[in-house]
Amino acid sequence: MALASAIIFASYASATAQEKVSWGDEFKMHRGSTDLNILQADNTGIYLEESHEVRAAFHYPRKSSTLVKLTPQMTEQYRNDFDHELKGKQFDRFFFIKDKLYIFATDYSKRDRSLYLYAAEVDKGSGNLKTDWQQVNTWEKVEKTENIDYAIALNEDSSKIVLTATFTDKAQNRYEIKMMDAALRPVGKTFSITNEFDPKTFQVQDFVYTSTGNAILVGRIYAY
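Notes on the structure follow. (Residues numbered from 1 in each chain as written. Predicted model: local features only at pLDDT ≥ 70, side-chain atom pairs only at ≥ 80, totals over all residues. Heavy atoms only, no water.)

With respect to the sheet that holds strand β13 (residues 147-154)
What holds strands together in a sheet is hydrogen bonding between their backbones, with the strands either parallel or antiparallel.
And step 1. Taken together, four strands build an open sheet; the order of strands is β13-β14-β15-β16 and the sheet is antiparallel. Only two strands of the sheet have a single partner each, and these edge strands are β13 and β16 (186-194). Here the strands of the sheet are splayed against their neighbours by 15° on average, with no regard to which way each runs.
And step 2. By the bridge criterion, six bridges tie strand β15 (residues 174-180) to β16 in an arrangement that is antiparallel. When the bridges of β16 are listed, Met180 appears paired with Pro186. (Pairing = 2+ DSSP bridges. Helix = DSSP H or I, 4+ residues; strand = E, 2+ residues; numbered from the N terminus. Axes fitted to C-alpha atoms, helices over the stretch in contact; angles between N-to-C directions.)

Set out below in structure tokens:
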């Protein structure tokens, strides 16, 4: 069943001196959906992420998303929630780099105190997994009380993937920066940074990986 609310999409084509608006068919979000984002639009179609929560018995809700592809004419071509493929893993995000589309997922081991990051390539034509899951990174806690927060982004020319992780603890924070190419192969060395600031007064604003291979940590310090 679909919700009553719907979203209308428009495409723009250049006319002589004006832009012509062409409206697509009504797009209805499915029951339980919480958000809708446009991941990418190119000559192969329009890729959307329809987010929703999955509630299992005796467990807290977990994040899940459906990949939806519309044709250039804005009719739905496929939708896939990858719930079967994600069994034993936690969905993280869909990620475009160059002509590739990846799905990222995580798995945390309490015994090892480690967070594992996995990725698999998605066939943009069918919406099915094109490859098996590949473990691309592991973040290990030094202290049991540490919290791990990470980000996945493109570098300045969108040719590489930058993984940044922040390990927060009561005493001090640690930061790690790693780069991968479009095939998920490591590029350069991994940067590990430790600061001596109180986590309550030092807040990370951004990580910058420069074209020369240097890593810059941009932070904010509060004085009370």
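Still more ground to cover, so stick around.
What to know about the layout of surface pockets
And step 1. Each pocket or cavity is described by its volume, and for the largest pocket that value is around 370 Å³.
And step 2. For the lining of the largest pocket, the secondary structure elements donating two or more residues are β13, β14 (161-168) and β17 (202-209).
And step 3. Of all the elements, β17 adds the most residues to the lining of the largest pocket, at eight residues. (1 Å grid on protein atoms, 1.4 Å probe; cavity = no way out; pocket = protein on both sides within 12 Å on 5 of 7 lines; lining within 4 Å. Points joined across faces, edges and corners; volume = space filled by probe spheres on them.)

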